[in-house]
Structures are given as structure tokens and as C-alpha cells.
Amino acid sequence: MVKQNADNKRSASSEAREELIREFKHLRVLVREIGENFILRQEGEIETAISNLEGLQPGKLRMMAPTLIQELRKLKMKPAKGRFKDLKELNRLIDELTNRVIGAQDRSKGAGKR
């Protein structure tokens, strides 16, 4: 009877361990999938900003460029550390700069229609 209880406890412990291992492996897959999709989305936003820059009027581009360049150059990242705060800052900066470039292009188009 005592041996059976010990075997049951070991069996339950093994089952719990195996279940946790499966869940952690699933979590690892989720991290990779989310990371890859984040990268794809950020790269797409950067490409959008680049294509919108090409459509800006030269005067507007000359006016915006120094500020945008300064903001891009002051970015301090430590890619080797894989820090979440770096990802948040990249996301914020890419979103902000892309919106500014798109907004400038939209205003340029609107000004040309008048």
C-alpha cells in the first residue's frame, strides 16, 4: 500500500512535469511566432515610410529631413540583449516617424489640389 502511494505520487509528479514541459514548449513557439510577426510588421511600416518619402515634395523633404535624421540617430539600442524596452522604443519611433512622413505627404497632396 505504501509503495503504491509512492508510485502514484511519482506518476502524478511525472505527469505534471511533462504537462509543464509541453506548455513551456508551446510558449516558446508563441514567442517565436509573435516575434516574427512583430518584425514583419515593423519592416512593413519602415517600407511604407520609405515609399512615402519618395512622394514628398523636395521643399517639404528638406524641411523634415534634419529632424527625422536626428531622431533616428539618437536611438540607443542594445540588440544583443533582446530587451523589451528596446522593442517598445522601436515600435514607438517607427510608428511616430511613419505617421509624420505619411502626414506630410498627405498635406503636400492636399496643397497641390488647391
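What you see is a predicted model; the values in this text were computed from it and never measured.

## What about helix 2 (residues 58-73)?
Spacing of three or four residues puts side chains on the same side of an α-helix, whose turn is 3.6 residues. With 16 residues, helix 2 ought to run about 22 Å at 1.5 Å a step, and its terminal C-alpha atoms sit 22 Å apart, in line with that. Three or more residues of helix 2 are buried, namely Met 64, Leu 68 and Glu 71.

## Some details on the nonpolar core
Counting residues in hydrophobic clusters, the biggest one holds 7 residues: Leu 56, Met 64, Leu 68, Leu 93, Leu 97, Val 101 and Ala 104. Mapped onto this core, the elements with two or more residues apiece are helix 2 and helix 3 (84-113). With 4 residues, the top contributor of residues to this core is helix 3. Discounting residues that sit within four places of it in the chain, Met 64 has contacts with Leu 56, Arg 100, Val 101 and Ala 104.

The rules behind these values
- Residues numbered from 1 in each chain as written.
- Predicted model: local features only at pLDDT ≥ 70, side-chain atom pairs only at ≥ 80, totals over all residues.
- Heavy atoms only, no water.
- Helix = DSSP H or I, 4+ residues; strand = E, 2+ residues; numbered from the N terminus.
- Expected span 1.5 Å × (residues − 1).
- Buried < 20%, exposed > 50% of the residue type's maximum accessible area, 1.4 Å probe, protein only.
- Core = buried A, V, L, I, M, F, W, Y, C linked by side-chain atoms within 4.5 Å.
- Contact = heavy atoms within 4.5 Å.

That's the geometry; what it means functionally is another story.
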